[in-house]
Amino acid sequence: MSFDKEIARRKTFAIISHPDAGKTTLTEKFLLFGGQIQTAGAVKSNKIKKTAASDFMEIEKQRGISVATSVMSFEYKGKLVNILDTPGHKDFAEDTYRTLTAVDSVILVVDCVKGVEEQTERLMEVCRMRATPVIVFINKLDRDGKDPFDLLEELENKLNIKVHPMSWPINMGRDFKGVYLLESGSLNLFESNKSKVSDDYLRLTDLQDSRLDGMLGEKDAEKLREDAELIDGVYGKVNREEYMQAHVAPVFFGSALNNFGIQELLDTFIELAPIPQSRPTSARDVDPNEKKFTGFIFKIHANLDPKHRDRIAFLRVCSGVFERNKPYTHVRLEKQVRFANPYTFLAQSKEVVDDAYPGDVVGLYDTGNFKIGDTLTEGEKLMFKGIPSFSPEIFKELLNLDPMKSKQLEKGIQQLTDEGLASLFTQEPGSRKFVGTVGELQFEVLQYRLEHEYGAKCRFDPRQIHKACWMSGDENEIKDFMKFRMNNIAMDKDGQPVFLAETGYILRTMQEKYPKISFHATSEFKV
Ligand code: G4P
């Protein structure tokens, strides 16, 4: 197959949701359609279940499962679909944000009973920042959920995106009778069947068709006619351009558990979702069709066996063809690297690959050369942008409990934060280290791994820090500010100065006092 055709058949995306909305179940159903697995229940949930917080190994084991299911590829109707998995646990939200830098679109799963939840809103913010096209799947229609019109309104208000219903439910919960596909005018009647992989549709030329009354009962048939007319008047036909620009999100209703409403979602996804797109770098935009290979690392995962400190770095191919054993330039380290055993993923199996195309994700064994955001090229000096650090929410100072092991601690914390497990801010003089995370869990994982993998004993002491803020604006004013607030300035991993604001009030006061400085909660921002 030609290079252009290889690119044109790839769809790389992530399924995202608030925990428990049904992401894992939906992923599994997609794999069933793709023929990658034969039975339901074959995909292990990668969720980090609510374990006792002290059960570190359990947490790590569960994180380990997410490596196995990090990328799942399958063929469907001539397309190659790459699903990038994201951890469900909120404490690992930043892993999810970073994975979103490696996809071209997302499917957002919402529980019809709970509606838009906290994590859904945050994930959507990240999608909006990157203008990632979104399709929404409203799940669990077999339960009594919120009114579908209210759900649409909630999506628009809370997610700040226009919605466009593509299917429409006929009742919910026990009375759930199925969905009507608004564009094709077909009816998909509900029957709960957890293993069935195809939905049968009844094509209606007209909603006035009297068969509808027979199938749904007069009352429900009438309600559907009214709803459909209303929706048609308000929404009309979906506009692909608006979807591609992330202005409109097509919305489907269904039940992942019952394998219902999945086929139309997948079919529309295959048709609408973008193929690998061009991506901004420090030098220029890189187009996937360029012949020379480029790619970036968006995720790093440690080996579960503490005796082996190698890690797996996940590379998204952005342009050209990635080839096994070919030397590439590691732009940050300015050195040549080559990979003898890169692998790709087919459902749950890993396979060594000889080549990979734009949109593909390749797993690379790494002995500590990579950090998140690193770029590989055929020599050109460019770095992919848009892989920002986010301000953590919990900050603690790292204190060394064994002066004989300072070097090990230093190396350990560097490597573990390279993996993206937490953010590290270093303050000079004195090399004080502040570690920031999204959840408490990471501190426990860090402390455990520092001790077991690096032999370093440490403690984390809480610090009153509200946010880490990157700065832009008038250089002289930034210099003045940094002098004045010396005690609250630290460097991030890339050597960028960050203001560690103690409280929201102090941050606002500083903003008023230094109007020529903009404070940002992410390391990348539009100036
Ligand atoms: P997540 O990855 O987004 O966290 O969610 P997951 O798919 O694990 O689903 C969370 C729970 O919701 C699971 O139940 C799952 O079976 C259930 N679920 C998913 N889709 C539907 C649906 O369409 N209808 C209904 N009624 N339930 C659904 P669980 O009891 O937490 O886990 P399990 O024991 O079933 O695996």
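Structure shown above.
Trainee: In this structure, what is going on with the environment of Lys158? I would like to understand it.
Mentor: Topologically, Lys158 is positioned in helix α6 (residues 148–159). Given the relative accessible area of 38%, Lys158 is considered partly exposed. Linking Lys158 and Val116, residues 42 residues apart in sequence, is a C-alpha distance of 7.1 Å.

Trainee: Sorry if this is basic, but what is going on with the environment of Leu401 here?
Mentor: Of note, Leu401 is situated in the loop between β24 (394–400) and α11 (406–418). Linking Leu401 and Cys458, residues 57 residues apart in sequence, is a C-alpha distance of 4.9 Å. Excluding residues that lie within four positions of it along the chain, Leu401 makes contacts with Lys457, Cys458 and Arg459.

Trainee: Please clarify how the side chain of Arg485 should be interpreted in this entry.
Mentor: Looking at the element boundaries, Arg485 is found in the loop between α13 (475–484) and β29 (489–491). Once you skip the residues sitting within four places of it in the chain, Arg485 turns out to touch Phe499, Glu502, Ile506 and Met510.

Trainee: Which parts of the structure should I look at to understand the pattern of salt bridges?
Mentor: A side chain of one charge can pair with a side chain of the opposite charge when the charged atoms of the two come close. On inspection of all chains with the given rule, the structure shows 36 salt bridges. Glu222 serves as the salt-bridge partner of Arg225, at 3.1 Å between the closest nitrogen and oxygen. With Arg225 and Glu222 both in helix α8 (residues 218–235) and three residues apart, this pair spans about one turn of that helix. With a relative accessible area of 7%, Arg225 lands in the buried category.

Trainee: What am I meant to see in the sheet that holds strand β3 (residues 79–84) here?
Mentor: Note on sheets: strands pair through backbone hydrogen bonds, and any given pair is parallel or antiparallel. Strand order in the open sheet formed by seven strands is β2-β3-β1-β4-β5-β11-β6, and the pairing between neighbours is mixed. What marks the edges here is a single partner per strand, and that holds for β2 (71–76) and β6 (162–165). Across the sheet, the mean angle from the axis of one strand to that of its neighbour is 30°, orientation sign disregarded. Here strand β1 (residues 10–17) runs beside strand β4 (residues 105–111); their pairing, made up of five bridges, is parallel. If you follow Ile16 over to β4, its bridge partner there is Leu108.

Trainee: Would you mind showing me how to read empty space enclosed by the protein here?
Mentor: To find leftover empty space, one rolls a probe the size of a water molecule over the atoms. In this structure the tally under the stated criterion is seven cavities of 30 Å³ or more. Taken as a whole, the largest cavity spans an internal volume of roughly 70 Å³. Taken together, twelve residues form the lining of the largest cavity, with Glu94, Gly420, Leu421, Ala422 and Gln442 sitting closest to its centre. Residue assignment for the lining of the largest cavity shows that the elements contributing at least two residues are α4 (93–99) and β26 (432–437).

Thresholds applied
- Residues numbered from 1 in each chain as written.
- Predicted model: local features only at pLDDT ≥ 70, side-chain atom pairs only at ≥ 80, totals over all residues.
- Heavy atoms only, no water.
- Helix = DSSP H or I, 4+ residues; strand = E, 2+ residues; numbered from the N terminus.
- Buried < 20%, exposed > 50% of the residue type's maximum accessible area, 1.4 Å probe, protein only.
- Contact = heavy atoms within 4.5 Å.
- Salt bridge = Lys/Arg side-chain N within 4 Å of Asp/Glu carboxyl O.
- Pairing = 2+ DSSP bridges.
- Axes fitted to C-alpha atoms, helices over the stretch in contact; angles between N-to-C directions.
- 1 Å grid on protein atoms, 1.4 Å probe; cavity = no way out; pocket = protein on both sides within 12 Å on 5 of 7 lines; lining within 4 Å.
- Points joined across faces, edges and corners; volume = space filled by probe spheres on them.

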